[in-house]
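Secondary and tertiary structure notes
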Amino acid sequence: MKPVPHATSLRRAPVQRRSAERLTRILDACAELLDEVGYDDLSTRAVAERAGVPIGSVYRFFGNKRQMADALAQRNLERYVERVTERLKEAPTGDWRAAMDAVLDEYLGMKRTAPGFSLVDFGNQIPVGVRQAEPNTRVADRLVQLLSGYLGRSPDEELRRVFLVAVETADTLVQLAFRLDPQGDEAVIRETRELLRAYLGRVLD
């Protein structure tokens, strides 16, 4: 079964397998409808209908559609970390360029294929409401946790700052690439990769 969001993003955490499966169906339906109708026209009732669950099941987990989108963003981050982790199993330990390629490639892969990702990703694109935490900071922190051991580096403040700058930069440039081309402008993506290599090389070489 796919992972569900951490309990802090939910009104009530699923305890039984049946409840967890229902939550997964709700988030899958939310992601599909985001692609079809956008965030403004998304409704909890439509999500319940698409997921094949009573409306009360949606409200058991979420007070409104913003909380549902936040939970989807959190699930996206967990799935992203899983994908990067799998890629790193095939890469030579300590090869930061291979790690950077995995980080960028898996993000691009989700951007192109994951339902609802273009609107929600890890929280950056939700168009309304006040964020409780900056999504890129959350992403950078997770990458520091994931990669510091692989790179043989201490997860200190310097590494956190470097990763945050890299994540913010890549996020801005990838958004540009997908504005220019629905599948991501390859020239901009190449420039992004080169820019990240030059920047990270100062610290990681």
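One structure accompanies this document, and this report is about it. Along every chain, residues carry numbers that run from 1 in the direction the sequence is written. Side-chain atom pairs in this predicted model are given and counted only at pLDDT of 80 or more, local residue features only at pLDDT of at least 70, and totals for whole chains, interfaces and linings cover all residues. Side-chain descriptors were evaluated using all non-hydrogen atoms of the structure, hydrogens and water having been removed beforehand.

Details of the nonpolar core
Generally speaking, nonpolar side chains in soluble globular proteins are found buried as a group. We define the nonpolar core as a collection of buried residues of types Ala, Val, Leu, Ile, Met, Phe, Trp, Tyr and Cys that are connected through side-chain atoms lying within 4.5 Å of one another. Three exposure classes are used, based on accessible area relative to the maximum for each residue type with a 1.4 Å probe and protein chains only: buried under 20%, partly exposed in between, and exposed over 50%. Counting 40 residues, the largest nonpolar core has Tyr80, Leu143, Leu147, Tyr150 and Phe163 as the members making the most contacts within it. Put simply, the parts of the chain that give this core at least two residues each are α4 (65–88), α5 (96–113), α7 (135–151), α8 (157–180) and α9 (186–204). The helix count covers DSSP runs of H or I at least four residues long, the strand count covers runs of E at least two residues long, and both are numbered beginning at the N terminus. The biggest single contributor to this core is α5, with 10 residues. Listed in part, the 23 residues of the second largest apolar core include Ile26, Cys30, Ala48 and Leu72.

Details of the packing of α7 against α8
The axes used here are C-alpha line fits, helices contributing only the stretch in contact, and every angle between their N-to-C directions lies in the interval 0 to 180 degrees. Running from N to C, α7 and α8 point in directions that differ by 125°, and their axes come no closer than 9 Å. As summarised for this structure, α7 and α8 are arranged oblique, according to the angle between their axes. For the element pair α7 and α8, the recorded crossing hand is right-handed. When α7 is examined against α8, the residues Asn136, Thr137, Val139, Ala140, Asp141, Leu143, Val144, Leu147, Ser148 and Leu151 are found in contact with a partner set consisting of Leu159, Arg160, Phe163, Leu164, Val167, Glu168 and Asp171. Orientation is classified from the angle alone, with under 35 degrees giving roughly parallel, over 145 giving roughly antiparallel, 65 to 115 giving roughly perpendicular, and any other angle giving oblique. Two helices crossing with the near one rotated counterclockwise from the far one by less than a right angle form a left-handed crossing, whereas a clockwise rotation gives a right-handed crossing. In this description, contact between two residues means that some pair of their heavy atoms is separated by no more than 4.5 Å.

Some details on α8
Here the expected length of a helix is defined as 1.5 Å per residue gap, with one fewer gap than residues. Taking 1.5 Å of rise per residue, 24 residues should cover 34 Å, and α8 covers 35 Å from first to last C-alpha, within 8% of that figure. Taken together, the buried positions of α8 are occupied by Leu159, Val162, Phe163, Ala166, Val167, Ala170, Asp171, Val174, Gln175, Ala177 and Phe178.

Observations regarding the packing of α5 against α9
One can describe the packing of α5 onto α9 by two numbers: an axis separation of 10 Å at closest approach and a directional angle of 145°. As for how α5 packs across α9, the hand of that crossing is right-handed. Contact residues: Trp96, Arg97, Met100, Asp101, Leu104, Asp105, Leu108 and Arg112 in α5; Glu186, Ile189, Arg193, Leu196, Arg197, Leu200, Gly201 and Leu204 in α9. Of the residues that constitute the contact of α5 with α9, the class distribution is 8 nonpolar, 1 polar and 7 charged. Here the term charged refers only to Asp, Glu, Lys and Arg, the term nonpolar to Ala, Val, Leu, Ile, Met, Phe, Trp, Tyr, Cys and Pro, and the term polar to all other amino acids, Gly among them.

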